[in-house]
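In case you want the letters, here they are:
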Amino acid sequence: MTKSPQRGSWKALCCLALVASCASGKWLNYSTPGIPRLPDGKPNLSAPAPRTAYDKPDLSGMWEMKGRPGETSLLGQLPGPAESANIASALQQGLPYQPEAAQLLRARRAEQRVNDPLTRCLPIGPVRIHTFNSPKKIVQTPGLVVILSEYNAGYRQIFTDGRSLPLDPNPSWNGYSSGRWEGDVLVVESSGFREGLWLDNTGNPLTDAARMTERFRRVNVGQLEIDLTVDDPKAYTKPWTVTLTQRLVVDTELLDYVCLENEKDTQHFVAK
């Protein structure tokens, strides 16, 4: 599979190609507007979180999953956060599987991810958009929050205009999301997922019976915390919660990452 050039090598690639002006890459060096700066010009990521004109925290910005010590972020290249490999990596007791889900997980591991939507270049669902080793952009308006994913030019809509979740939705990769503000926390309820989603590279399942709750809290300019609760009675014996910490990515922009562009791998996939 191919993807866009690494961010750190973009300028070098332009120069090697003897391009007179790196016009296509200039946005990668464009200073993010509205970010408080220190005297040396670096972003002040510990400054108070920005607020909107309607007096709510502004979640807008480019974000990537923040790994724990020893893990490598997107800008430091692979392997990325542990939650991308296993969403339950921080849970000491692991996930409370239903017997059928545990059996499905064993089958997925034995197949070496040949049916993983990610390896098949399919949409990856809302949880992996948070944890995937690629940035995403949040765009916030008074009645709608949009999450734009660099991977496959994906998007997710979170309606904050008071609408209820649909009673009989057409199942979709990202489900249907409705949000409300509780103080400075955006609480998002989602349902209507299609069957067969993977939560991570391990193969932890999310079924069409799942209901997901996210609590978005912008701690400061540079940090966003998402408490994620999955209530999926087909896959798990009880709801479980993890916290996904995101950090702000500044002075750069989304790049095209189309997984199927020049893709030549899937025809060679085998289960063993």
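Relevant structure appears above.
With that settled, consider the pattern of salt bridges. Counted according to the given criterion, the structure contains 16 salt bridges. We note a salt bridge from D116 to R128, for which the minimum N-O separation is 2.7 Å. Placement of D116 in the loop between α3 (99-110) and α4 (125-131) and of R128 in helix α4 is noted, with a sequence separation of twelve residues between them. E225 is paired through a salt bridge with R217; the nearest N and O atoms lie 2.9 Å apart. Since its relative accessible area comes to 38%, R217 is described here as partly exposed.

So, on to the state of the cysteines. With the rule as written, the count across this model stands at one disulfide. The disulfide that involves C121 links it to C259, with 2.1 Å between the sulfurs. Looking along the S-S bond of the C121-C259 disulfide, the torsion reads about -55°, which is the left-handed sense. Within this pair, whereas C121 is found in the loop between α3 and α4, its partner C259 is found in the segment after β11 (240-249), the two being separated by 138 residues in sequence.

As a further point, take the pairing of strand β1 (residues 61-65). Buried residues dominate β1, accounting for five of its five residues. A two-sided burial pattern is seen for β1, the buried positions comprising G61, W63 and M65 on one face and M62 and E64 on the other. Bridge count between β1 and strand β2 (residues 136-140): three bridges; the pairing is antiparallel. By the bridge assignment, G61 is partnered in β2 with I138.

All right, on to the packing of aromatic side chains then. The full count for this structure, using the stated rule, is five aromatic pairs. Seen in terms of ring centroids, Y97 and Y236 are 5.9 Å apart; in terms of plane orientation they differ by 35°. Their pairing is tilted. Here the residue Y97 occupies a position in the loop between α2 (82-85) and α3, and Y236 occupies one in the loop between β10 (223-231) and β11, the gap between them amounting to 139 residues. What links up through ring pairs into an aromatic cluster is the set Y97, Y236 and W240. Directly above the ring of F159 sits R163, whose terminal nitrogen or CZ lies 3.7 Å from the centroid. One cation-aromatic arrangement involves R194 over W173; the distance from NZ or CZ to the ring centre is 4.0 Å.

Parameters and conventions
- Residues numbered from 1 in each chain as written.
- Predicted model: local features only at pLDDT ≥ 70, side-chain atom pairs only at ≥ 80, totals over all residues.
- Heavy atoms only, no water.
- Salt bridge = Lys/Arg side-chain N within 4 Å of Asp/Glu carboxyl O.
- Helix = DSSP H or I, 4+ residues; strand = E, 2+ residues; numbered from the N terminus.
- Buried < 20%, exposed > 50% of the residue type's maximum accessible area, 1.4 Å probe, protein only.
- Disulfide = S-S within 2.5 Å.
- Pairing = 2+ DSSP bridges.
- Phe/Tyr/Trp six-rings, centres within 6.5 Å; stacked < 30°, edge-to-face > 60°.
- Lys NZ or Arg CZ within 6 Å of the ring centre and 35° of its normal.

Interpretation note: all reported values are geometric properties and have no functional meaning in isolation.
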